[in-house]
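# Coordinates in review
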Protein chains: 2
Amino acid sequence: MRAIDWVDGAIEIVDQTVLPATLVTRRLTTVDQLIEAIRSLAVRGAPALGVAGAMGVALAAREFTGDAAARDRAVGRIAAARPTAVNLAAGASRAAGWLADGPGAVLAEALALRDEEIAASVAMATRGADLVGELCGGAARVLTHCNTGTLATVTGGTALAVVTELHRRGQLAGVIASETRPLLQGARLTAWELGRAGVPYRMAVDGAGPFLMARGEVDVVLVGADRVCANGDVVNKIGTYAHALGAARAGVPFLVVAPESTMDDETAGGDQVEIEDRGRDEVIAFHGTAVAPPGAGAANPAFDVTPADLVTAVVTDTRVLRPGRIGAGQPADR
Amino acid sequence: MRAIDWVDGAIEIVDQTVLPATLVTRRLTTVDQLIEAIRSLAVRGAPALGVAGAMGVALAAREFTGDAAARDRAVGRIAAARPTAVNLAAGASRAAGWLADGPGAVLAEALALRDEEIAASVAMATRGADLVGELCGGAARVLTHCNTGTLATVTGGTALAVVTELHRRGQLAGVIASETRPLLQGARLTAWELGRAGVPYRMAVDGAGPFLMARGEVDVVLVGADRVCANGDVVNKIGTYAHALGAARAGVPFLVVAPESTMDDETAGGDQVEIEDRGRDEVIAFHGTAVAPPGAGAANPAFDVTPADLVTAVVTDTRVLRPGRIGAGQPADR
């Protein structure tokens, strides 16, 4: 299964808004359809968004043939459809660099990015599982947040690829998946992926993770990232920072697994990153059912910033980086 | 409004399982009805549970007249209906001390406890608001977790009584109420109480609180407690500890507001307290709608332990205590 691909002249995605109840593939044939899919989180996850951005430019190159101005506006709208993950704008920008060479060249670049992300997942799984083995000794009890599996990438995943690799190696002693309010990517998507892969797991509410660590039930925390800044600050799904605080207090390794495409040496630190606020509706209602009273407002930052000092290591497809030594010109640990 | 009271020979409670959609008063005329109401969280909150325990013994004294053995078994079942809050067993034990004097004496003791809790709420509101004023200077932006208002006590509340007192004084600059998964006491109950009191507020998911503190949006955290141990460890709703970690990192005061009836000098520390696990169903469904796949398990500790060193102060109805100086024989700060 691929969460996003280019099939017969259009983007095809697994619609993540209806999982786990229904597995539906959606075809996106226009830029507007793609932007709607990005905004509604039908496609999500930093690596998948990078591919979506690049393939979106391929769509734009076909849709606006002969109107370069309209085409360029479309590319700009794609790049800005979600602000926090570095991959979306970077993927769009990379593909847009080939616009002068025609739609075929743009598509080839988008497909190259897709293939790179697939290979990156395999590399991260190996490197991440090796590191967990080193840090934890025997079989590890993992806590993970949000969804970082196939659905967040093209196939395989980032942090969840490490989990499934540990399972394959017989080095996984348990998984706690935090539900990840407000949109429940953990409960809906990670649980679904782990179930399909035959990996036993337990769900936990987001507020429970730090206490489960304090109580000694977690050996390592594995999360993904939407952007890793030059100083090592990690921007990721809301709730990541609270889990990092819990890990630091409990002395549990906190590992971030993300491809090189998510490393952002252009952004100095997390305070420079625009944190998307997705409004009140996601918080005060669920699946159309209101929870809070009708008049309730909400603070709904979709992401947070985990300062570099709380991060034990960032595992990419080519390196293992340690906080404070991340960024251009810094030597990798291994 | 009173969350719990004794009316015409029976316990009357506001049924908290159906709020905020419906405001329903339930009459509890038997011990079994009371125990079901406690287990289903129709009545909840440490001070309210203390009153429920005492009034439950008054019910038992009437229901099992002439069968002391059955009566005593009923008292034991009431005391054990929920294990974590100290108040339930303490309230039952206190009322049971009058069983030899007949049902009237037991009821009089239960009503005395009720009246003490009402007075305690008033005292905590004043003392807590004074302390917030001292710590924060001008008007304060408060974050609160779970429900600690009238619904958690008899009337008034603990931490939420401080919030409404700050509002009355014109010293409240904002409230963030965390939703409190899995049972959404924040979104359902705190939001409803704040709305009724005319206090503006915003909801946040439980994972967002620490980041909102890091971003400078919170001046003080106010929570209640189910049990404050002799060493100052605070046992409270799951998610409290994560918020305390966030407050400590951000340098935001973390205040626990709880009556003297919640102070437990008999229990040395949080590691001695039985933490209720309420099972998978609450976690894998959201507000009655299944979220995770049917086979999902869950870790569902209903409470957590906040170590004393993360607590700025514990405000009771008679004292302000500082971590490390809590417990028998320790001088209060004021």
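The structure reproduced in this document is the subject of the present report. Predicted model only: the values in this text are computed from it and were never measured.

What counts and what doesn't
- Residues numbered from 1 in each chain as written.
- Chains lettered and ligands numbered in written order.
- Predicted model: local features only at pLDDT ≥ 70, side-chain atom pairs only at ≥ 80, totals over all residues.
- Heavy atoms only, no water.
- Helix = DSSP H or I, 4+ residues; strand = E, 2+ residues; numbered from the N terminus.
- Rg over C-alpha atoms; globule rule 2.2 N^0.38 Å.
- Buried < 20%, exposed > 50% of the residue type's maximum accessible area, 1.4 Å probe, protein only.
- Contact = heavy atoms within 4.5 Å.
- Areas by Shrake-Rupley, 256 points an atom, 1.4 Å probe, with all protein chains shown as cover.
- Phe/Tyr/Trp six-rings, centres within 6.5 Å; stacked < 30°, edge-to-face > 60°.
- Lys NZ or Arg CZ within 6 Å of the ring centre and 35° of its normal.
- Least-squares fit on C-alpha atoms with pLDDT ≥ 70 in both.
- Arc of directions from axis to C-beta.
- Buried area = accessible area lost by both parts, 1.4 Å probe.
- Salt bridge = Lys/Arg side-chain N within 4 Å of Asp/Glu carboxyl O.
- Polar contact = N/O pair within 3.5 Å; in protein donor to acceptor, adjacent residues only side chain to side chain.

## Quick notes on the overall build of chain A
- Each helix and strand in chain A was counted, giving ten helices and 17 strands.
- On C-alpha atoms alone, chain A measures out to a radius of gyration of 19 Å, which is about the 20 Å that the 2.2 N^0.38 rule sets for 334 residues.
- If one aligns the C-alpha atoms of chain A with their principal axes, the spans along those axes are about 60 × 55 × 40 Å.
- Counting over 334 residues, chain A shows a buried share of 62%.
- Within chain A, counting contacts between residues at least 6 apart in sequence, those at least 24 apart form 74% of the total.
- As presented, chain A carries roughly 10900 Å² of accessible surface, and 50% of it is formed by carbon and sulfur atoms.

## Remarks on the packing of aromatic side chains
- In this structure the tally under the stated criterion is zero aromatic pairs over all chains.
- The cationic tip of lysine 237 of chain A hangs over the ring face of phenylalanine 303 of chain A; the distance from NZ or CZ to the ring centre is 4.6 Å.

## Points about the relation of the copies chain B and chain A
- Superposition of chain B onto chain A requires a rotation of 180° combined with a translation of 0.0 Å along the rotation axis, giving an RMSD of 0.2 Å. Here the copies are linked by what is in effect a two-fold axis.
- A shared binding surface is used by both copies, with 100% of the interface residues of chain B retained as interface residues in chain A.

## Regarding helix H1 (residues 31-39) of chain B
Residues and elements named next belong to chain B.
- Along H1, the positions that sit buried rather than exposed are Val31, Leu34, Ile35, Ala37 and Ile38. In an axial view of H1, the angular spread of the buried residues amounts to 160°, which keeps them on one side of the axis.
- Note on H1: the residue one or two positions beyond its end, leucine 41, has a positive phi of about 65°.

## A word on the side chain of glutamine 185 of chain A
- Its location among the elements puts glutamine 185 of chain A in helix H7 (residues 185-196).
- Filtering out sequence-adjacent residues up to four positions away, glutamine 185 of chain A remains in contact with Leu41, Arg44, Cys146, Asn147, Glu179, Thr180, Thr190 and Lys237 of chain A.

## Structural notes on the interface of chain B and chain A
- Taken together, the contact between chain B and chain A spans 49 residues of the former and 50 residues of the latter.
- Carbon and sulfur atoms make up 70% of the area that chain B and chain A hide from each other, which totals about 3900 Å².
- Ranking the residues of chain B by area buried against chain A places Phe211, Arg249 and Val291 of chain B at the top, with a combined share of 16%.
- Where chain B touches chain A, the interface holds four salt bridges.
- The residue arginine 249 of chain A makes a salt bridge to aspartate 309 of chain B at a minimum N-O spacing of 2.8 Å.
- Our count for the chain B to chain A interface comes out at ten residue pairs in polar contact (both at pLDDT 80 or more).

## What to know about the pattern of salt bridges
- Applying the stated criterion to the full structure yields 48 salt bridges over all chains.
- When the shortest N-O distance is used, the salt bridge between arginine 181 of chain A and glutamate 179 of chain B registers 2.6 Å. One end of the pair, arginine 181 of chain A, is in the loop between strand E5 (172-178) and H7; the other, glutamate 179 of chain B, is in the loop between strand E5 (172-178) and helix H7 (185-197), on a second chain. The burial state of arginine 181 of chain A is the same as that of glutamate 179 of chain B; both residues are buried.
- In this structure, glutamate 116 of chain B engages arginine 94 of chain B in a salt bridge whose closest nitrogen and oxygen atoms are separated by 2.6 Å. With glutamate 116 of chain B in helix H5 (residues 103-136) and arginine 94 of chain B in helix H4 (residues 86-96), the pair connects residues that are 22 residues apart, well separated along the chain.
- With relative accessibility at 40%, the residue glutamate 116 of chain B sits in the partly exposed group.
- Connected via shared salt-bridge partners are Arg2, Asp5, Arg114 and Asp115 of chain A.

These values are about where atoms sit, not about what they do.
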